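Structural characterization, general
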Amino acid sequence: MVKKFILVAEDDKAYVGVYRSKLASEGYEVVIVEQGDLVVPELKKRKPDLLILDLMLPQKNGFEILEELRADGKLKSIKVVVATNLSQDLDIERVKKFGVLDYFIKSDVSVFELVDKIKKALAD
Amino acid sequence: MNIKTKLLLIALFSVLAITFLGIFLYFSYHRFNEAIGRNGIANQIATGVFERRLILDEYVLSYGDSSREQWLAKNGELARLLQSLSPKFSEARYKEVIGNLLIKFANNKKVFLELVKIRGDGNTGGQDVETARKDEEARLVAQLLLKTQEIISDTKQFAAISLQEAKENEEKTVLLLGSFSIVLVLITAGTILIFWFSIVRPIMKLREGTEIISSGNFNHRVDLESRDEIGQLAKSFNEMAGRLQGLYMSLEEKVQTRTEALAEAQALARIGSWEWEIGTDNMVWSDELYRVFGVTHQAVPPSYNAYLQQVFPDDLEMAETAIQHAIETHGSFEFDHRVKLPDGAIRWVRGRGEVITDAHGTPAKMEGTAQDITEEKEIGRQKSEFISIVSHQLRTPLGSMRWNLELLKSDVQALPQEAQERLNETYKSGLRLIRLVGDLLNVARIEGGRVKDEPELSEISGIIESAVKEMGQEAHKRSVSIEFSSKKPDIPKVMIDPKRFREVIQNLLSNAVRYTLPGGRVSVAADYTSTSIEIAVSDTGIGIPEKEKSKIFTKFARAENAARIDEEGTGLGLFIVKSYVEDWDGKVWFESQEGKGTTFYISLPLQPDTASGNAKN
């Protein structure tokens, strides 16, 4: 069985470690991108099954990336889950307009809950 | 002299003049009548004398006894008539005539009796004696005739005198009648003139004065110098006009001062005001309103359409809907909209308006304000940005701590018992910190008025059910039973923000579970009437001590007994619950007994339109 490929856009080392070990232990192929401006080129290189996107990224923020994604015919269909620590209603609303699968506030969700949701998203 | 005195004097003068003239007229007419009467008597005497003369003729021819007696009787009759008149004719001119006549009648009688005597001595002598007697007889008859002639002449004189008197009195009467008419005309004319100058003309002047003053010319005074009642009236009127002028001027001054103060206040607060005649394009704008919209009087004449044109196109539909709704409900509106200034910059404006109805209750006018809230919006934006950054900065390390601890905990076999316990405690503290950050953020949102409310027709029993289910795991861990029992089967849908409603139920359930000792019970019940929905969250927990009951809904309030058994609470949950529920025009209250348990009640109003919407479902 081919491993599902997840691209994680996350710059915080403490989270990167968790993603890497937990998702790998769940049997996913994980690539981490730590700079916002490198996300779209990476996606173009190889289309992932899921993109886990943080919103506060250096060089280019998550909102800009989503905008670019949705404007690109080839990348439009990529499944996106946002995992961030921005918790303002305005931010949530802004992101939801881009049609993402889910919006997680990292501190408010346990890593197991998150992984459960990711599994479900990839199974659909 | 006052009008009453003037009128009294006129009346007095009229009465006196008329009485005086009347008396004169009466006497004059009386005298005239008397004179006529006297003239009649004179004629009567003349007739009597003529008859006596005829009797004398008869006597002279026959010397009969009867004619003699007739003459004497007539003569006596005439003398008596004259005598009876004499006291009435005391006037000199009559006295002499009547006296003469009386003497002449007496003489006549004497002569006649001489004649009778001579006649009686007849045929007693000779021829000579007879001739002498006849001569004497003739002489006496001639004398009698002569005297009779004199009496007639005197009587004529008497008649002439009385006629003269009658004439004199007739003239006098006519003269008096003439004077009487002239006096009457004079009295009438005088009365009319006094009425005109004392009453009619001053009243006309007063009326003119009231008209001028009521038309707004408070400088006008009535020019009346008289000292009568109308003069007094004019004086009082002028005093009143003076006071009115004073009042008006001080009012004008006050209005001026207030208008300036209002303009200053409007400028300071950056609030412009307007008035609109509903259904027309007529609008009045205050000076500040122009500044708020960044336009000038010259460029934009005030009108309803001009007002709408100031609203940023994207906000126009919202604005018009709000205004229309206010008119339909006879209520008011408030909305924030953007204004594009001539230089292209965007300004935020808060529009407010209120419908004013006329006497029949129909919306006639709208009054309102437009406030420049650009700075307020900017401060709000900065505040919310600050909170956003701070909470992000706090959540980031807390989140990574949580995840890393969770991974560590999932591999506990690798750690000694003691380390596992320390790890658990650290994890719990981390969760508590995360909850505190979330609650603080909510409080900041509530207090900043930035809670986003997205009401939709929600099935609240579904929300309660899922919240109860979610809490089940925690309750189970604490050996507390939890259940949802709706009292009525079909709880109506409510127009409410489901996310926030869920938060309210979660908070109440979390409190109930955490403050109930193992073996206890938590239950949720929902009930409804035609106007409201009531939700009760009950527990058999530790209860709220009496002295803490009053502050249980305040921020960071934690009952002593609660803090003892659970260290994780932030003391913000009930504050958030109350804020949200009151936001929905609902009510929240509780019943509690320490050691026995607590029930929190929430009552939410049920809108009639949603009720009918439910009926259709």
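Below: a short report on this structure. In this text, all values refer to a predicted model and were calculated from it rather than measured experimentally.

Things to note about the nonpolar core
- By size, the foremost hydrophobic cluster in this structure holds 41 residues, and its most contacted members are Val468, Val504, Leu508, Leu509, Val513 and Val577 of chain B.
- Contributing elements (two or more residues each) for this core: α11 (460-477), β7 (481-486), β8 (494-496), α12 (498-514), β9 (521-528), β10 (532-539), α14 (573-583) and β12 (597-605) of chain B.
- For this core, the element with the highest residue contribution is α12 of chain B, accounting for 7 residues.
- When residues no more than four places from it in sequence are discounted, the contact partners of Leu508 of chain B are Val537, Val577 and Phe600 of chain B.
- Counting 32 residues, the second largest nonpolar core, distinct from the first, contains Tyr19, Val33, Leu55 and Leu86 of chain A.

Points about the packing of helix α9 (residues 374-409) of chain B against helix α10 (residues 417-447) of chain B
All names here are of chain B.
- Interaxial distance between α9 and α10 falls to 10 Å at its minimum, and their mutual angle equals 155°. In terms of their interaxial angle, α9 and α10 are classed as roughly antiparallel. Considering only the axes of α9 and α10, their crossing is left-handed. Where α9 abuts α10, its residues Ile387, Ser391, Leu394, Arg395, Leu398, Met401, Arg402, Leu405, Leu408 and Lys409 lie against Leu423, Thr426, Tyr427, Gly430, Leu433, Ile434, Val437, Leu441 and Ala444.

Looking at the sheet that holds strand β4 (residues 346-357) of chain B
Residue and element names in this part refer to chain B.
- Taken together, the 5 strands give an open sheet; going across it, the order is β2-β1-β5-β4-β3, and neighbouring strands pair in antiparallel fashion. Of all the strands in the sheet, just β2 (283-285) and β3 (332-340) have a single pairing partner and so form its edges. Averaged over all adjacent pairs, the angle separating strand axes in this sheet is 20°, with direction ignored.
- Here β3 pairs with β4 via 9 bridges, running antiparallel. From the neighbouring strand, Val339 faces β4, where its bridge partner is Arg347.

Topic: the sheet that holds strand β5 (residues 102-105) of chain A
Residues and elements named next belong to chain A.
- With respect to topology, 5 strands assemble into an open sheet ordered β2-β1-β3-β4-β5, the strand pairing being parallel. Both outer strands of the open sheet, β2 (29-33) and β5, are each paired with one neighbouring strand and no more. Strand-to-strand twist across the sheet, computed as the mean angle between neighbouring axes with direction ignored, equals 20°.
- Together, β1 (5-9) and β2 form the strand contacts of helix α1 (residues 13-25), whose direction differs from that of β2 by roughly 165°.

Focus on the pairing of strand β1 (residues 271-277) of chain B
All names here are of chain B.
- Here β1 runs beside strand β5 (residues 363-372); their pairing, made up of 7 bridges, is antiparallel. Residue pairing for β5: Trp276 is matched across the bridge by Met366.
- Note: β1 against β2, 3 bridges, orientation antiparallel. Looking at β2, one finds that Glu275 is bridged to Val284.

Definitions and cut-offs
- Residues numbered from 1 in each chain as written.
- Chains lettered and ligands numbered in written order.
- Predicted model: local features only at pLDDT ≥ 70, side-chain atom pairs only at ≥ 80, totals over all residues.
- Core = buried A, V, L, I, M, F, W, Y, C linked by C-beta atoms within 7 Å.
- Buried ≥ 20, exposed ≤ 12 C-beta atoms within 10 Å, placed from the backbone.
- Helix = DSSP H or I, 4+ residues; strand = E, 2+ residues; numbered from the N terminus.
- Contact = placed C-beta atoms within 7 Å.
- Axes fitted to C-alpha atoms, helices over the stretch in contact; angles between N-to-C directions.
- Parallel < 35°, antiparallel > 145°, perpendicular 65-115°, else oblique.
- Left-handed = near helix turned anticlockwise from the far one by under 90°.
- Pairing = 2+ DSSP bridges.

In short, shape yes, function no, at least from these values alone.
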